[in-house]
Structure formats: C-alpha cells, structure tokens
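As a plain string of letters, each chain reads:
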Amino acid sequence: GLLEQQALQPFYFRLTDILRHYIEGRFGLQAPRSTTAEFLSEMGHSRILTIDQQQTLGQFLRSADMVKFARHEPPAETGQAALQQARFFVDETASTADAEGAGT
C-alpha cells in the first residue's frame with residue numbers, strides 16, 4: 001500500500017531491501033550490507049549474473065537510490081515499473097536455479 005499512499009521513499013527502501021536479501025540468499029553476495037557502488041563492484045567481479053542482469057540490476061539500484069537518498073519523486077507508475085522489474089529479476093534468476101537443479 002505504500003505506492004497508493006505516495007510513500008515512495010519507504011516503498012523503495014523496502015523494495016531494495018527485499019531484493020538485496022534475495023540476492024544474498026540466492027548468490028551469497030553481501031548485498032544488504034553494501035552500498036550500491038560496493039555491491040555493483042562485487043557483482044561485476046563475481047560473474048554470477050549475466051552482463052544484461054548486472055546492467056538491469058545496476059540501473060534499478062541507482063534509480064532507487066535517487067528516490068531513497070536524493071529525494072527524487074518519480075510518478076507512481078515508475079514505482080509500479082520498479083516493482084515489476086524486481087519481480088522479473090527474481091523470476092529470471094530463480095528459474096536459472098531451477099533449471100540447474102533439474103539437470104542433475
């Protein structure tokens with residue numbers, strides 16, 4: 001309900017926190033305790049994600065940081081798009097894990 005309430009900053013804090021904890025649990029990267037720059041650097045050296053996934057995630061996190069820390073106020077539709085982006089990332093990376101597990 002945060003988007004409906006126009007509470008964009010709490011929405012983005014919560015959304016990125018959920019995504020960062022997912023990444024930590026799924027890939028073992030220290031996402032929740034790192035700054036965006038630190039996390040993106042670590043991710044770039046790990047080769048866990050494809051280049052496209054890294055770029056999409058990097059763009060997502062930098063955009064979220066603008067709302068969280070620079071008080072950027074995008075339209076509510078942008079928040080919905082961010083939510084869809086996060087869901088797509090989780091679905092895409094979870095299906096990779098499922099496919100790897102099915103091959104063994």
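In terms of nonpolar packing, the biggest core is built from 25 residues, with Ile23, Phe39, Leu57 and Phe60 touching the most fellow members. Broken down by secondary-structure element, the contributors of at least two residues to this core are α1 (8–27), α2 (36–46), α3 (51–69) and α4 (76–102). With near-sequence residues (within four places) excluded, Leu57 lies in contact with Leu19, Ile23, Phe39, Met43, Leu49 and Phe89.

At their nearest, the axes of α1 and α3 sit 9 Å apart, and the two run at 145 degrees to each other. Seen along the crossing, α1 lies across α3 with a hand that is left-handed. Residue-level contacts link Leu8, Gln9, Tyr12, Phe13, Leu15, Thr16, Leu19, Arg20 and Ile23 of α1 to Leu57, Phe60, Leu61, Ala64, Val67, Lys68 and Phe69 of α3.

α3 packs onto α2 with a crossing angle of 175 degrees between their chain directions and a minimal axis gap of 11 Å. When the interaxial angle is binned, α2 and α3 end up roughly antiparallel. Residues Thr36, Phe39, Leu40, Met43 and Gly44 of α2 form the contact with α3, whose own contacting residues are Gln54, Leu57, Gly58, Leu61, Arg62 and Asp65. Here the residues of the contact of α2 with α3 are counted per class, giving five nonpolar, four polar and two charged.

Cut-offs and rules
- Residues numbered from 1 in each chain as written.
- Predicted model: local features only at pLDDT ≥ 70, side-chain atom pairs only at ≥ 80, totals over all residues.
- Heavy atoms only, no water.
- Core = buried A, V, L, I, M, F, W, Y, C linked by side-chain atoms within 4.5 Å.
- Buried < 20%, exposed > 50% of the residue type's maximum accessible area, 1.4 Å probe, protein only.
- Helix = DSSP H or I, 4+ residues; strand = E, 2+ residues; numbered from the N terminus.
- Contact = heavy atoms within 4.5 Å.
- Axes fitted to C-alpha atoms, helices over the stretch in contact; angles between N-to-C directions.
- Left-handed = near helix turned anticlockwise from the far one by under 90°.
- Parallel < 35°, antiparallel > 145°, perpendicular 65-115°, else oblique.
- Nonpolar A, V, L, I, M, F, W, Y, C, P; charged D, E, K, R; others polar.

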